[in-house]
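Descriptive analysis of the structure
Given next are the chains, with one letter for each unit.
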Amino acid sequence: MGRGEKKARENGWPILFIDERGDRLQPLVRRTWAPKGQTPVQHSWDRHDRLSGMAGICFSPVRHRPRLFFQIHQQNIRFDAVIAFLGWVHRHVRKKFILVLDRHSAHRKAIRLLQEQHPDWMEVVWLPAYAPELNPVERVWNHSQYGDLANFLPEGIDHLREAVSASLERMGTETALLLSCFRYTGLEW
């Protein structure tokens, strides 16, 4: 991050971390409390429908206030979804930013195409291989999955979409939570 951090500070460019995750209709079963002798039973779908989510946390070196961007898709995230997401974020940020992401094949193709079309939108910093602990968006997904949506039994794919969206929208309003996701990475701001 050294090169990206320095450029962000010098030029006032925000730093954007992005990542994806999938959610299924089966609940993530976590330990819970129940009256003695009354084991909780969950009846869930046997279907394997799923949603894919893409999220990004944008840190501004000027305002020091993080923003959470996310989109939820019915299918797997491909390069065209990454391009659309980054275009949407660029319209909100309205300036050049530093993009930090892993080397997923959809990311590599999307970045290659975006840099050909819009070389002035972003500078890219690739995370090292097998280092999810350096991406604060992983902590956002973790909080959503293991906190807000643990033991959640959706009635269908639309109900799951609403629950995931509500969880991420709630996190987007909690500045302290987003900052703690960044602090967890151990990266210096």
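Remember, predicted model here, so these are calculated numbers, not experimental data.

1. A look at the pairing of strand E1 (residues 15-24)
- For E1, the tally of buried residues reaches 8 of 10 residues, placing the bulk of the element in the interior.
- Sheet topology note: the E1/strand E2 (residues 50-59) ladder contains 10 bridges and is antiparallel. Bridge pairing links isoleucine 15 to phenylalanine 59 in E2.
- Of the strand pairs in this sheet, E1 and strand E4 (residues 97-101) are connected by 3 bridges, and their pairing is parallel. Bridging from a neighbouring strand, leucine 16 pairs with leucine 99 of E4.

2. Focus: helix H2 (residues 79-93)
- Taking 1.5 Å of rise per residue, 15 residues should cover 21 Å, and H2 covers 21 Å from first to last C-alpha, within 8% of that figure.
- Turning to H2, its buried residues number three or more, namely Ala81, Val82, Phe85, Leu86, Gly87, Val89, His90 and Val93.
- On its buried face, H2 sits against E1, E2, strand E3 (67-73), E4, helix H3 (105-117) and strand E5 (122-126).
- Looking one or two places after H2, you find arginine 94, whose phi comes out positive at around 65°.

3. Some remarks on the sheet that holds E5
- Read across the sheet, 5 strands follow the order E3-E2-E1-E4-E5 without closing on themselves; strand pairing throughout is mixed. The outermost strands of the open sheet, each flanked by one partner alone, are E3 and E5. Across the sheet, the mean angle separating the axes of adjacent strands is 25° when strand polarity is ignored.
- H3 rests against E1, E2, E4 and E5 of the sheet, and its axis sits at about 155° to E5.
- Contacts between helix H4 (residues 136-148) and the sheet are confined to E1, E2 and E3, with E1 contributing the most and set at about 35° to the helix.

4. Overview of the pattern of salt bridges
- Scanning the model with the defined rule gives 4 salt bridges in all.
- For aspartate 80, the salt bridge identified is with arginine 78, shortest N-O distance 3.6 Å.
- With relative accessibility at 39%, the residue aspartate 80 sits in the partly exposed group.
- Between glutamate 123 and lysine 96 there is a salt bridge whose closest N-O contact spans 3.6 Å. Of this pair, glutamate 123 sits in strand E5 while lysine 96 sits in the loop between H2 and E4, and the two are 27 residues apart along the sequence.
- Under the relative-accessibility criterion, lysine 96 is labelled partly exposed at 22%.

5. Re the packing of aromatic side chains
- Applying the stated criterion across every chain yields a total of 5 aromatic pairs.
- Aromatic side chains phenylalanine 69 and tryptophan 88 sit 5.6 Å apart centroid to centroid with 85° between the ring planes, which places their arrangement in the edge-to-face category. On the criterion of sequence distance, the pair formed by phenylalanine 69 in strand E3 and tryptophan 88 in helix H2 is long-range, its members being 19 residues apart.
- Taking relative accessible area as the criterion, phenylalanine 69 reaches 4% and is therefore assigned buried.
- Arranged with centres 5.9 Å apart and planes meeting at 50°, the rings of phenylalanine 85 and tryptophan 88 form a pair that is tilted. Within this pair, phenylalanine 85 and its partner tryptophan 88 are both found in helix H2, separated by 3 residues, close to a single helical turn.
- Since its relative accessible area comes to 0%, phenylalanine 85 is described here as buried.
- A residue is classified by how much of its surface remains accessible, and tryptophan 88, at 23% relative accessible area, is partly exposed.

Calculation notes
- In this convention, every chain numbers its residues from 1, walking through the sequence in written order.
- Residue-level local features of this predicted model are given only where pLDDT is at least 70; pairs of side-chain atoms are given and counted only at 80 or more, and the full residue set underlies all totals for whole chains, interfaces and linings.
- To obtain the side-chain values, all non-hydrogen atoms of the structure were used and water was disregarded.
- Think of it in three bands: residues with accessible area under 20% of the maximum for their type are buried, residues over 50% are exposed, and the middle band is partly exposed, with areas taken using a 1.4 Å probe on protein chains only.
- Per the convention used, a helix needs a DSSP run of H or I reaching at least four residues, while a strand needs a run of E reaching at least two, with both numbered from the N terminus.
- For two strands to count as paired, DSSP must find a minimum of two bridges between them.
- In this scheme, a helix's expected span is set at 1.5 Å multiplied by one less than its residue total.
- By the convention used here, residues are in contact when the closest approach between their heavy atoms is within 4.5 Å.
- For every element, the axis is a line fit to its C-alpha atoms; helices are fit only across the contacting stretch, and the angle between N-to-C directions ranges from 0 to 180 degrees.
- Between Lys or Arg on one side and Asp or Glu on the other, a salt bridge is scored when a side-chain nitrogen of the former is within 4 Å of a carboxyl oxygen of the latter.
- Two rings belonging to Phe, Tyr or Trp (six-membered ring only in the last case) form a pair when the distance between their centres is within 6.5 Å. Interplanar angles under 30 degrees mark stacking, angles over 60 mark edge-to-face geometry, and anything in between is tilted.

Interpretation in functional terms is not warranted from these geometric data alone.
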